[in-house]
Amino acid sequence: MRVSTPSTFHRLTSTLRAAGLALALLLLAPLCAQAQTWMVSTDAYIKMGVMDKFGQLGTYSAKFVVTDQTSGKAYILVKEVGAGQNGVDVIFPSEPSEPDYFKTETGEAAKSQPGRYTWECQVSGKKVVGGRFTLPETANDITVLEKQEKKK
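Residues numbered from 1 in each chain as written. Predicted model: local features only at pLDDT ≥ 70, side-chain atom pairs only at ≥ 80, totals over all residues. Heavy atoms only, no water.

## What about unusual backbone geometry?
Right, so step 1: The step from F92 to P93 runs through a cis peptide bond, and the omega angle for that step is -10 degrees.
Right, so step 2: If you trace the backbone, P93 turns up in the loop between β4 (87-92) and β5 (115-123).
Right, so step 3: With a phi angle near 70 degrees, N86 is a residue other than glycine that sits in the positive phi range.
Right, so step 4: Following the sequence through the fold, N86 ends up in the loop between β3 (74-81) and β4.
Right, so step 5: Using a relative accessible area of 22% as the deciding quantity, one classes N86 as partly exposed.
Right, so step 6: Of note in this structure, S124 is not a glycine but carries a positive phi near 55 degrees.
Right, so step 7: Position of S124 among the secondary structure elements: in the loop between β5 and β6 (126-135). (Helix = DSSP H or I, 4+ residues; strand = E, 2+ residues; numbered from the N terminus. Buried < 20%, exposed > 50% of the residue type's maximum accessible area, 1.4 Å probe, protein only.)

## A short note on the pairing of strand β2 (residues 60-68)
Along any regular strand the residues' side chains alternate between the sheet's two faces.
Right, so step 1: Two elements, β2 and β3, share 8 bridges in a ladder whose sense is antiparallel. Considered in β3, the bridge of F64 is made with L77.
Right, so step 2: Where β2 folds back on β3, the antiparallel hairpin that results is connected by 5 residues, among which G72 adopts a positive phi of roughly 80 degrees.
Right, so step 3: As defined by bridge partners, β2 adjoins β5 across 6 bridges and the pair is classed as antiparallel. Across the sheet, D68 pairs through a bridge with Y117, a residue of β5. (Pairing = 2+ DSSP bridges.)

## Here we look at the sheet that holds β6
Right, so step 1: Taken together, the 4 strands give an open sheet; going across it, the order is β3-β2-β5-β6, and neighbouring strands pair in antiparallel fashion. Two strands close off the open sheet at either side, each with one partner strand: β3 and β6. Direction aside, the axes of adjacent strands within the sheet are offset by 20 degrees on average. (Axes fitted to C-alpha atoms, helices over the stretch in contact; angles between N-to-C directions.)

Structure follows, in structure tokens:
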């Protein structure tokens, strides 16, 4: 007659735990492959800037004003240009999560809306540069990759 010992009990417990883990993994595994899913985003941005070519001003404020020609809304961003920097570049529209971003006088953040815009940069209340641009419509094409059945 065989007497059960503690070591036999521990081996049985370990084997049952391993079997339970394997069973849980099998139940949680996907049964078949699914189609690949992608997320995508596209936004149009414009980079504009100003530069004191010979660095004669030292420190100055550059006030960028972008006007939406459809709605007439003016979006403003003021950047401080330090001595030795000479110039600054900005991106329109800038993210509202940034410390400085393009916004209207009422605080409305600029959005990447398709359309025609004009812009200017003012230093000491005078227009020093300007121009116009068009933000294009953006679209995204998504290709769905599916698992193909094997032909026999």
